[in-house]
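Structural description and commentary
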Amino acid sequence: MNILFIAHENTISGSTIALINILSILKDRHNLAVVCPIDAKGDSPLIKYLRDNNIACYDKYFFEIFIYSEEKNVVRRIIRNIGRVYRHYRLKKYLRQIFLNFKPDIVHTNNGPLLAGFDVSKEFGIPHVWHLREYQDWGYNMHVMYSKRAWLKKVHSPGNFNIAISKGIFKYFNLRPDFDTVIYDGVFHENFRPQINEIKEDYITYIGNLCKEEKGFLDALVAFSEISKKHDSICLQAVGFYDIDDSYYKKCHKFISENRLERKVKILGIRSDIYEILQKSRALIITSHYEGFGFTCVEAMLNNCIVIARNEAGIKEQMDNGVELLNREVGFRFNNIQELISCIEQSLSMNTESMRQDAYQLVCSLYTIEKSVSSIESFYSFVLKRFKAKK
């Protein structure tokens, strides 16, 4: 089967990692190609993976998803949106050439709303699969071009089939049970066995973009500042992208300075040793709002690290799965900063071994790459059969 993937980014992110995980299995079974934005800096992990594994890579142009944050300057907003539209039509022209040469049986857009894959698939009469990984506009003050209603019309149209990475996303976009499905992301291979560190070091961990307010780094800092008053030896390690000139990061850094936390808060930046950090950590704090799935939650559970997570969206669903399958909690949940402080306190003072074991059992049953890709392949077969029946 010829499968053409369209990725909206080529940098390190949950969606990029999820795509690489899918490709790692499918590359030995199908003929694959991937369209992604041009690698201007020459350091794209996705493009490196494609070239190392001899997967066709089309990265001629820069393009982006049709979703944007509110721009107060009207003139600037108009100029940026004109740029988006221009890049969209340039991408469509590029895709037409690729379709003619590669002759895909299925086109799989790795995130929405990236419209070009759908539009050109419809022109060529090829089934299109949309992988819906985010809530898009819920809580983020984001807007879909040209409108959310116009995009959802495409999502629900004949010839398009959707994969939601959580039951929450499936419900939020009112997807169709007869055409669409829920498939959890595969995070690790089923034969992976993590190194278990029962002796933890004196730090708790935050993983996420330090410049995005919706990821909640400041909430983690506020809670930690209270915890540090009682637990002087405990540090907070923050892993993720940051920019010293970003306004939100400056706000977080100011809080660190004003509360004299420089010695206790360690900004590690982007790291490649996430598993090792989690294995030694006393807990992982997830303060993100509106998370579609939450890769780091699964990674922590896999690596014997207790999870303290906001009881919301995709993270809540993972915690609920634990209760549904095991009849008990597999981590700590919070709804506000005061509850977060209480959860951290509990995690530091109690024996969490049985909870960590339950969490490991949960992720092994639900989130392997093999399980996820097997479901995706079955969905492809369903899509082709359903699409042909409609002709």
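One can find the structure itself at the top, above this paragraph.
What you see is a predicted model; the values in this text were computed from it and never measured.

**Quick notes on empty space enclosed by the protein**
Enumeration over the complete set of coordinates arrives at one cavity of 30 Å³ or more. Estimated volume of the largest cavity: approximately 50 Å³. Ala18, Asn21, Ile22, His131, Ile183, Tyr184, Asp185, Gly186, Ile369, Ser372, Val373 and Ile376 are the residues that line the largest cavity. Elements with a minimum of two residues in the lining of the largest cavity: helix H1 (14–26) and helix H14 (369–390). No other element matches the four residues that H14 contributes to the lining of the largest cavity. Among the residues making up the lining of the largest cavity, the classes are represented as seven nonpolar, four polar and one charged.

**Section: the side chain of Lys200**
Along the chain, Lys200 turns up in the loop between strand S9 (181–182) and strand S10 (203–207). Among the residues examined, Lys200 registers a relative accessible area of 18% and is labelled buried. Polar side-chain contacts of Lys200 include one of 2.7 Å to the backbone oxygen of Asn304. Apart from residues lying up to four places away in sequence, Lys200 is in contact with Leu278, Gln279, Lys280, Ser281, Arg282, Asn303, Asn304, Cys305 and Arg356.

**Some details on the pattern of salt bridges**
Between side chains of opposite charge, pairing is possible as soon as their charged atoms come close. Inspection of every chain in the model, using the stated rule, returns 20 salt bridges. The closest approach of N and O atoms between Lys254 and Glu258, which form a salt bridge, is 3.8 Å. With a gap of four residues between them, Lys254 and Glu258 both fall in helix H8 (residues 247–258), about one helical turn apart. Just as Lys254 is exposed, Glu258 falls in that class too.

Here is what the cut-offs are and how they apply
Residues numbered from 1 in each chain as written. Predicted model: local features only at pLDDT ≥ 70, side-chain atom pairs only at ≥ 80, totals over all residues. Heavy atoms only, no water. 1 Å grid on protein atoms, 1.4 Å probe; cavity = no way out; pocket = protein on both sides within 12 Å on 5 of 7 lines; lining within 4 Å. Points joined across faces, edges and corners; volume = space filled by probe spheres on them. Helix = DSSP H or I, 4+ residues; strand = E, 2+ residues; numbered from the N terminus. Nonpolar A, V, L, I, M, F, W, Y, C, P; charged D, E, K, R; others polar. Buried < 20%, exposed > 50% of the residue type's maximum accessible area, 1.4 Å probe, protein only. Polar contact = N/O pair within 3.5 Å; in protein donor to acceptor, adjacent residues only side chain to side chain. Contact = heavy atoms within 4.5 Å. Salt bridge = Lys/Arg side-chain N within 4 Å of Asp/Glu carboxyl O.

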